[in-house]
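# Structural characterization, general
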Amino acid sequence: MLKQKPDKFGLFDTTGFDHSVLEDPNSAHLVVHHNKVLGAHLVPGLHVDVEEMEDGINAKLVLDEGITIENPVHICFGMLPEKGIQKIVMDVDIKKDSGIMIYAHCTFPFAVDVQHIMDAKIHVGENAKYTYFERHIHGKQGGVKVYPKAIVHLDKRANFKTEFELIKGRVGLIDIDYETICRDESVMEMTARINGSGDDIIKIKEVGSLEGEGSRGVLTSRVAVRGNARADVYNKLTATAAYARGHVDCKEIIQDNGIATAIPIVEVRHPKAHITHEAAIGSVDSKELETLMARGLNEDEAVELIIEGLLS
Amino acid sequence: MKVNTMGILELKNLSLEFEDKKILNNLNLDFREGHIHAIVGPNGAGKSTLAYTIMGLSDYRDISGEIFFKDESIHNIDIDERARKGITLAWQEPARFEGLSTKKFLKAAAKDKSEENLRNALLSVGLSPDNYIDRAVDKTLSGGERKRIELASIYIMEPELVLLDEPDSGIDVAALEKIFEMIKVLKKRKTTVILITHSLTVLEQAEYAFLMCNGKIVDKGSVNKIAGYFRKKCVLCDHKNKPEPDVFEME
Ligand SMILES: Nc1ncnc2c1ncn2[C@@H]1O[C@H](COP(=O)(O)OP(=O)(O)OP(=O)(O)O)[C@@H](O)[C@H]1O
Ligand SMILES: [Mg+2]
């Protein structure tokens with residue numbers, strides 16, 4: 001379908017995000033189409049080495065000690081052709097006392113049979129802060145299979161926050177597998193928001209180990225399944241040190257013939273640790289629904305608005 | 001077909017039972033167009049139940065008797081259709097919507113969806129638009145803030161008849177003044193207002209009042225007359241058919 005290599009704007013424009021961020025000399029970016037780097041710009045203290053492979057890239061991202069990057073870094077992964085595999089292997093090292101926020105835009109607007117595989121190894125150094133927002137933009141066909149896998153190690157007082165969002169276009173298949181290990185006083189927040197319809201399949205596995213004293217973690221999942229979509233959410237949070245605090249929070253709304261399951265596992269192996277969990281699976285709350293209907297919205301409009309809020 | 005009434009809303013022999021217990025017991029009531037009414041009565045009297053029944057909430061549809069709105073029976077029509085006819089309800093305890101912004105919540109209700117109008121609605125309940133318009137109407141708001149946003153959504157909907165279930169609960173003194181002003185604006189717009197309350201100051205906003213007890217209207221008339229029961233406690237009602245303790249526990 002695509003005759004020539006897209007320029008970086010061509011790919012980035014399909015994300016719906018303002019591409020002026022790619023022209024800003026003070027904002028770093030990396031745009032990767034299939035296995036080719038279309039554009040890259042770095043700022044002082046940030047190093048990215050990319051090796052182009054047959055079906056993707058191998059990237060090493062290092063942020064120097066003591067460096068805080070002011071502007072968010074924009075990374076764009078994706079493919080415009082209808083078919084193919086994109087495999088991203090990432091090794092991220094955020095050194096001590098540094099800070100960075102990454103917006104990852106993953107776009108597969110025309111996919112009919114595309115696989116996007118992400119394999120990330122992330123280390124966040126002592127007192128460093130790493131924030132990673134991954135937003136997926138898929139087409140209407142549901143022809144994408146996405147396999148994001150990450151293993152994250154947090155040193156003392158490190159802060160890691162990640163949000164995965166797939167609410168535009170069809171999911172296809174998504175199979176998230178994230179694990180975070182937390183040392184003393186580190187803080188971890190992992191959130192996934194996914195909107196499934198058609199025959200989409202959503203699998204979320206988030207595991208957190210609060211191994212350090214005073215470490216804290218929250219696992220949050222927000223999922224809507226409509227049509228014949230199915231979602232299986234597995235959250236496991238373990239606390240093995242004093243004053244570790246955690247919370248698992250899963251909400252799944254189902255409509256039509258959707259199916260949702262939630263398996264929260266909470267394991268505490270220290271008398272001074274504490275973890276809570278809440279899960280709500282099923283139709284929309286009747287009071288919320290009736291409030292909006294009492295303002296004149298019909299049932300479908302009301303459900304739509306409630307789901308939009310939940311996934312926002 | 002019902003003909004010729006002065007009332008915008010009329011209840012005829014309205015009863016509702018839950019588990020063989022009459023929660024609403026043969027009510028006959030008229031509400032006059034463009035006026036402010038108050039319903040008072042003890043906990044468990046059936047005031048909220050009456051409001052839910054008029055609104056047509058899903059657990060409150062199995063009634064006997066009739067509800068006429070503008071001379072038309074609304075017994076068999078759904079809640080959203082009742083709303084589109086001009087009836088709305090502000091809950092005693094409003095729902096919370098995870099992630100939904102105040103702006104979107106108000107917009108959903110608004111007749112005039114302009115930004116200016118959304119901001120005015122917040123001002124009408126004494127909330128600063130800059131501080132609230134982008135906040136979610138969820139558990140991050142205090143009970144009183146959530147209640148005021150609920151009232152703002154009523155204001156902006158421009159309904160013909162509104163049921164306000166305990167509009168003062170959780171509201172501070174200064175904000176209560178704002179809400180009374182808002183009720184006056186509703187009256188100016190010729191909205192029919194039904195206030196459900198335990199508070200004398202709220203009751204005093206009304207023009208007509210009803211005293212409800214154990215699912216029945218036991219007295220009605222001027223606000224002054226009904227206010228008398230507040231001072232002397234309820235005297236007409238002997239609480240003979242007081243709900244059983246287990247019914248209370250279900251609440
Ligand atoms: N869904 C229900 N199932 C069974 N009983 C109910 C139900 N809803 C309300 N009731 C009962 O009906 C009675 C009236 O309740 P309602 O909430 O209408 O009282 P109220 O007058 O609004 O009281 P309050 O002043 O406490 O708000 C109570 O005894 C209550 O327990
Ligand atoms: Mg009540």
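Residues numbered from 1 in each chain as written. Chains lettered and ligands numbered in written order. Predicted model: local features only at pLDDT ≥ 70, side-chain atom pairs only at ≥ 80, totals over all residues. Heavy atoms only, no water.

Further remarks concern the overall build of chain B. Across its full length, chain B carries 10 helices and 10 strands. Dimensions of chain B, computed from C-alpha atoms along their principal axes, come out at roughly 50 × 40 × 35 Å. Out of the 251 residues in chain B, the part that is buried amounts to 55%. Contacts in chain B between residues far apart in sequence, at least 24 positions, make up 66% of those at least 6 positions apart. By element, 47% of the accessible surface of chain B is carried by carbon and sulfur atoms, the whole surface being about 11600 Å². Charge centroids of chain B, computed over 37 positive and 40 negative side chains, lie 4 Å from each other. (Helix = DSSP H or I, 4+ residues; strand = E, 2+ residues; numbered from the N terminus. Buried < 20%, exposed > 50% of the residue type's maximum accessible area, 1.4 Å probe, protein only. Contact = heavy atoms within 4.5 Å. Areas by Shrake-Rupley, 256 points an atom, 1.4 Å probe, with all protein chains shown as cover. Lys, Arg positive; Asp, Glu negative; His and termini not counted. Charge placed at Lys NZ, Arg CZ, Asp CG, Glu CD.)

Scanning chain A from N- to C-terminus turns up 3 helices and 19 strands. Relative to the compact-globule value of 20 Å for 312 residues, chain A shows a C-alpha radius of gyration of 20 Å, a close match. Dimensions of chain A, computed from C-alpha atoms along their principal axes, come out at roughly 55 × 55 × 35 Å. Residue burial in chain A is summarised as follows: out of 312 residues, 52% are buried. In chain A, the share of contacts with a sequence separation of at least 24, taken over all contacts with a separation of at least 6, comes to 77%. (Rg over C-alpha atoms; globule rule 2.2 N^0.38 Å.)

Residue and element names in this part refer to chain B. Ordered in space as β6-β7-β8-β3-β9-β10, the 6 strands form an open sheet in which the pairing is mixed. The sheet is open, and its two edges are formed by β6 (87–90) and β10 (216–221), each paired on a single side. Going across the sheet, the axis of each strand differs from the next one's by a mean of 20°, ignoring polarity. In the packing of helix α7 (residues 173–188) onto the sheet, the strands contacted are β3 (36–40), β7 (161–165) and β8 (192–197), and the crossing angle to β8 comes to about 150°. Each of β3, β9 (208–213) and β10 touches helix α9 (residues 223–232); the most contacted strand, β10, lies at about 125° to it. (Pairing = 2+ DSSP bridges. Axes fitted to C-alpha atoms, helices over the stretch in contact; angles between N-to-C directions.)

Okay, the site of ligand 1 next. All names here are of chain B. Ligand 1 sits among 17 residues. The nearest are G44, K47, S48, T49 and H198. Take S48: an N or O atom from its side chain is 2.9 Å from an oxygen atom of ligand 1. One of the side-chain nitrogen or oxygen atoms of H198 is found 2.7 Å away from an oxygen atom of ligand 1. Protein coverage of the free-state accessible area of ligand 1, which is 640 Å², stands at 86%. Here the shell around ligand 1 takes 3 residues from helix α1 (residues 47–55), the largest share from any one element. Along the lines of polarity and charge, the residues of the shell around ligand 1 split into 7 nonpolar, 7 polar and 3 charged. (Near = heavy atom within 4 Å. Polar contact = N/O pair within 3.5 Å; in protein donor to acceptor, adjacent residues only side chain to side chain. Nonpolar A, V, L, I, M, F, W, Y, C, P; charged D, E, K, R; others polar.)

Among the nonpolar cores identified, the biggest contains 98 residues, and L9(B), L11(B), L50(B), L164(B) and L195(B) are the most heavily contacted of them. Contact partners of L50(B), with chain neighbours within four places excluded, come to L11(B), L14(B), L24(B), L27(B), L29(B), I39(B) and M212(B). Among the nonpolar cores identified, the runner-up in size contains 67 residues, and V32(A), L154(A), A231(A) and A244(A) belong to it. (Core = buried A, V, L, I, M, F, W, Y, C linked by side-chain atoms within 4.5 Å.)

Protein-derived ligands of the magnesium ion (ligand 2) are S48(B) (OG) and Q92(B) (OE1), with the metal-ligand distances lying across 2.0 to 2.2 Å. Here Q92(B) lies in the loop between β6 and α3 (102–109) and S48(B) lies in helix α1, a separation of 44 residues in the sequence. (Donors = N, O, S within 2.8 Å, 3.2 Å for Na, K, Ca; no water.)

Next up on the list: the packing of helix α6 (residues 143–157) of chain B against α7(B). All names here are of chain B. Following both chains from N to C, one finds α6 and α7 inclined at 15°, their axes separated by 11 Å at the closest point. In this view, α6 runs roughly parallel relative to α7, as classed from their interaxial angle. Between α6 and α7 lies a crossing whose hand is left-handed. Seen from α6, the contacting residues are R148, L151 and Y155; seen from α7, they are A175, I179, M182 and V185. Of the residues in the contact of α6 with α7, the class split is 6 nonpolar, no polar and 1 charged. (Parallel < 35°, antiparallel > 145°, perpendicular 65-115°, else oblique. Left-handed = near helix turned anticlockwise from the far one by under 90°.)

Aromatic rings considered in pairs are described by the distance between their centres and by the relative angle of their planes. All names here are of chain A. In this structure the tally under the stated criterion is 10 aromatic pairs over all chains. Look at Y130 and F160: their rings are 5.9 Å apart centre to centre, the planes differ by 10°, and that puts the pair in the stacked class. With Y130 in strand β9 (residues 129–138) and F160 in strand β11 (residues 159–168), this pair connects stretches of sequence that are 30 residues apart. With respect to class, Y130 is no different from F160; both count as buried. (Phe/Tyr/Trp six-rings, centres within 6.5 Å; stacked < 30°, edge-to-face > 60°.)

Residue-level contacts link 29 residues of chain B with 21 residues of chain A. On the chain B side of the interface with chain A, the three residues burying the most area are W91(B), F97(B) and E98(B), jointly 29% of the side's total. A salt bridge links E98(B) to K251(A), with the nearest nitrogen and oxygen atoms 2.9 Å apart. Our count for the contact surface shared by chain B and chain A stands at 13 residue pairs in polar contact (both at pLDDT 80 or more). Every element with two or more residues in the side of chain B that touches chain A is listed here: α2 (79–85), β6, α3 and α6 of chain B. Tallied by class, the residues present in the side of chain B that touches chain A amount to 17 nonpolar, 4 polar and 8 charged. (Buried area = accessible area lost by both parts, 1.4 Å probe. Salt bridge = Lys/Arg side-chain N within 4 Å of Asp/Glu carboxyl O.)

Close approach of charged atoms lets side chains of opposite charge pair. Evaluation of the coordinates by the stated rule reveals 31 salt bridges over all chains. As a salt-bridge pair, K104(B) and E308(A) come within 2.6 Å of each other at their nearest N and O atoms. Remark: E308(A) occurs in helix α3 (residues 299–311) and K104(B) occurs in helix α3; the pair is interchain, linking two chains. Given the relative accessible area of 35%, E308(A) is considered partly exposed. Members of the salt-bridge network, linked through shared partners, are R222(A), D249(A), K251(A) and E98(B).

What follows deals with the pairing of β10(B). Residues and elements named next belong to chain B. Direction of pairing for β9 relative to β10: antiparallel, over a ladder of 5 bridges. From the neighbouring strand, L211 faces β10, where its bridge partner is D219. Here β9 hands over to β10 after 2 residues, with N214 in that stretch at a positive phi of 45°.

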